[in-house]
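# Overview (structure and organization)
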Amino acid sequence: MMRSLENYGMDKSLLLLVLAVFLGLAGCRSLSLSGVGKMVSEENRIPLVEAGTEYGSWQTRDLTLDYRYSRDQSTLGISGAISFAGQLKNNFSFLEYFYLSVIFLDSQGRVLEMRGLTSTNYGYIDYPITFNTTLTVPYTTQSIAFSYRGQARSAGSHDTGSSTYFWEYPIH
């Protein structure tokens, strides 16, 4: 004899929400581990200095990331500001989501680990996204790279507005 969800005090929308969150978290975990051991080409690597503070700018077709980092033995203090490129700002008003990650690399450019730096689930594309965090650095780290993914939407509802996905994933 099969009972309905209502008999157990759960409605279908709650069950679907719980299932979606669970699958989303499981998917994020597997994505973050998928690049370990793969390579990042030399032009996408940012060499880390052993001590002191370094400033830099990383630019792609979608955004500019102005960053600052300080490495102290096994930690990396990193902060930055992300500004979106004109092609996104001129055609879209909102960010549906945006995720920025740092990729730790060994001396050959092999991926040791990938960690999230910042994310947003909704925001205006005209405003910079800032972050400031301290991360533990894998022991053999010699350089870093950045990766991101996002979706932008034009003004209007989800049904009438246009949207675009954008990303940079330097791991091959």
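Throughout what follows, the structure given in this document is the object of discussion. (Residues numbered from 1 in each chain as written. Predicted model: local features only at pLDDT ≥ 70, side-chain atom pairs only at ≥ 80, totals over all residues. Heavy atoms only, no water.)

### Observations regarding the environment of Asn-132
To keep it simple, the criterion reads: Each helix corresponds to a stretch of at least 4 residues labelled H or I by DSSP, and each strand to a stretch of at least 2 residues labelled E; elements are numbered beginning at the N terminus. To sort residues, take the accessible area from a 1.4 Å probe on protein chains only and compare it with the maximum for the residue type: under 20% means buried, over 50% means exposed, and anything in between is partly exposed.
Here Asn-132 shows up in strand E8 (residues 129-136). The exposed category is assigned to Asn-132, whose relative accessible area is 64%.

### So, the side chain of Ser-41
The condition that has to hold: Polar contact is the term for a pair of N or O atoms within 3.5 Å; when the atoms are in protein, one must be able to donate a hydrogen and the other to accept it, and sequence-neighboring residues count only if both atoms are side-chain atoms. Note on definitions: a residue-residue contact is assigned when non-hydrogen atoms from the two residues lie within 4.5 Å.
The topology assignment puts Ser-41 in the loop between helix H1 (12-33) and strand E1 (46-47). Relative accessible area serves as the criterion here: at 16%, Ser-41 is assigned to the buried category. Of the polar contacts made by the side chain of Ser-41, one reaches the side chain of Glu-43; its length is 3.0 Å. Discounting residues that sit within four places of it in the chain, Ser-41 has contacts with Pro-170 and His-172.

### Side note on the sheet that holds E8
So the rule is basically this: Paired strands, in this sense, are two strands between which DSSP finds at least two bridges. Angles shown run from 0 to 180 degrees and are taken between the N-to-C directions of axes, each axis being a line fitted to C-alpha atoms and, for helices, limited to the stretch in contact.
Ordered by their spatial adjacency, four strands build an open sheet running E2-E3-E4-E8, and the pairing between neighbours is antiparallel. Of all strands in the sheet, those with a lone pairing partner are strand E2 (52-59) and E8, marking the two edges. Across the sheet, the axes of successive neighbouring strands diverge by a mean angle of 15°, strand direction being ignored. Of the pairings in the sheet, the one linking E2 to strand E3 (residues 63-72) comprises eight bridges and is antiparallel in character. Note on E3: the bridge partner recorded for Gly-52 is Arg-71.

### As for the pattern of salt bridges
Operational definition: One speaks of a salt bridge when a side-chain nitrogen belonging to Lys or Arg is within 4 Å of a carboxyl oxygen belonging to Asp or Glu.
This structure, assessed with the given rule, holds six salt bridges. Of the charged contacts, one joins Glu-50 and Arg-71 as a salt bridge, the two residues approaching to 4.0 Å between their closest N and O atoms. With Glu-50 in the loop between E1 and E2 and Arg-71 in strand E3, this pair connects stretches of sequence that are 21 residues apart. Residue Glu-50 is classed as exposed on the basis of its relative accessible area, which comes to 55%. In this structure, the salt-bridge partner of Asp-106 is Arg-110, at a minimum N-O distance of 3.6 Å. With a relative accessible area of 12%, Asp-106 lands in the buried category.

### Overview of the nonpolar core
The condition that has to hold: What makes a nonpolar core is a set of buried Ala, Val, Leu, Ile, Met, Phe, Trp, Tyr and Cys residues whose side-chain atoms join them at distances within 4.5 Å.
By size, the foremost hydrophobic cluster in this structure holds 29 residues, and its most contacted members are Leu-65, Ile-82, Phe-84, Phe-98, Leu-100 and Phe-146. Among the secondary structure elements, those contributing two or more residues to this core are E3, strand E4 (75-84), strand E5 (94-105), E8 and strand E9 (143-153). No other element matches E5, which puts five residues into this core. Among all residues touching Ile-82, those that are not within four sequence positions of it are Leu-63, Thr-64, Leu-65, Phe-98, Leu-100, Thr-118, Pro-128, Ile-129 and Phe-131. Core analysis: the next-biggest nonpolar cluster, separate from the first, contains seven residues, Ile-103, Leu-105, Met-114 and Ile-171 among them.

### Brief notes about a nonpolar patch on the surface
This is how the line gets drawn: A patch consists of residues exposed above 30% relative accessible area that lack any salt bridge, with like charges linked at up to 9 Å and nonpolar side chains (Val, Leu, Ile, Met, Phe, Trp, Tyr) linked at up to 5 Å. Note on areas: Shrake-Rupley, 1.4 Å probe, and residue coverage restricted to the protein chains presented here.
The grouping of Tyr-165, Trp-167 and Tyr-169 at the surface amounts to a nonpolar patch, some 370 Å² of accessible area in total. With respect to the element layout, Tyr-169 can be found in the segment after strand E10 (163-168). Judged by its relative accessible area of 36%, Tyr-169 is partly exposed.

### Thoughts on the packing of aromatic side chains
Rule in force here: Two aromatic rings from Phe, Tyr or Trp, using only the six-membered ring of Trp, form a pair when their centres are within 6.5 Å; if the ring planes differ by under 30 degrees the pair is stacked, by over 60 it is edge-to-face, and anything between is tilted.
Evaluated as defined, the whole model comprises twelve aromatic pairs. Where Phe-94 meets Tyr-124, the ring centres are 5.1 Å apart and the plane angle is 45°; that geometry is what we call tilted. Separated by 30 residues along the polypeptide, Phe-94 in strand E5 and Tyr-124 in strand E7 (residues 123-124) bring together distant segments of the chain. A ring pair is formed by Tyr-124 and Tyr-127, whose centres lie 6.3 Å apart and whose planes are at 80°; its orientation type is edge-to-face. Relative accessible area serves as the criterion here: at 56%, Tyr-127 is assigned to the exposed category. Taken together through their ring pairs, the aromatic side chains of Trp-58, Tyr-67, Phe-84, Phe-98, Phe-146, Tyr-148 and Phe-166 make up a single cluster.

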